[in-house]
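The chain contents come next:
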Amino acid sequence: MAKSKAKAKAPAPKPAKAEPSAMRIKLQIAGAVFVPMLALGLWLNSKGFFG
């Protein structure tokens with residue numbers, strides 16, 4: 001009985017690529033830089049900093 005359960009087990013999933021594409025890295029950097037800048041700009045604008 002235990003042998004049939006072991007055979008029915010699904011194989012381990014294949015590991016993902018070790019190195020992500022360059023475009024994905026660039027998008028992550030852009031997101032990490034521009035999203036906080038945008039949030040800061042909107043917050044300062046709401047406080048009247050630019051006008």
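Residues numbered from 1 in each chain as written. Predicted model: local features only at pLDDT ≥ 70, side-chain atom pairs only at ≥ 80, totals over all residues. Heavy atoms only, no water.

**Looking at the overall build of the chain**
Part 1 of the argument: When helices and strands are tallied, the chain shows 2 helices and 0 strands.
Part 2 of the argument: Within the chain, the proportion of its 51 residues that are buried is 2%.
Part 3 of the argument: Counting only carbon and sulfur atoms, one obtains 69% of the accessible surface of the chain, whose full area is about 5,300 Å². (Helix = DSSP H or I, 4+ residues; strand = E, 2+ residues; numbered from the N terminus. Buried < 20%, exposed > 50% of the residue type's maximum accessible area, 1.4 Å probe, protein only. Areas by Shrake-Rupley, 256 points an atom, 1.4 Å probe, with all protein chains shown as cover.)

**Overview of a nonpolar patch on the surface**
Part 1 of the argument: Together, Ile25, Ile29, Val33, Phe34 and Met37 line one region of the surface with nonpolar side chains, adding up to about 510 Å² of accessible area.
Part 2 of the argument: Inspection of the secondary structure puts valine 33 in helix 2 (residues 22–46).
Part 3 of the argument: The partly exposed category is assigned to valine 33, whose relative accessible area is 40%. (Patch = residues over 30% accessible without salt bridge, like charges linked within 9 Å, V, L, I, M, F, W, Y side chains within 5 Å. Salt bridge = Lys/Arg side-chain N within 4 Å of Asp/Glu carboxyl O.)

**Remarks on the packing of aromatic side chains**
Part 1 of the argument: In total, this model carries 1 aromatic pair according to the counting rule given.
Part 2 of the argument: Between phenylalanine 49 and phenylalanine 50, the ring centres sit 5.3 Å apart and the planes meet at 85°, which makes this aromatic pair edge-to-face.
Part 3 of the argument: Residue classification places phenylalanine 49 among the exposed positions, given a relative accessible area of 58%.
Part 4 of the argument: Classification of phenylalanine 50 as exposed rests on a relative accessible area of 55%. (Phe/Tyr/Trp six-rings, centres within 6.5 Å; stacked < 30°, edge-to-face > 60°.)

**Quick look at helix 2**
Part 1 of the argument: Between its first and last C-alpha, helix 2 extends 36 Å over 25 residues, near the 36 Å set by a 1.5 Å rise per residue.
Part 2 of the argument: A small share of helix 2 lies buried, amounting to 1 of its 25 residues.
Part 3 of the argument: Once helix 2 finishes, glycine 48 follows within two positions and takes phi at roughly 85°, a positive value. (Expected span 1.5 Å × (residues − 1).)

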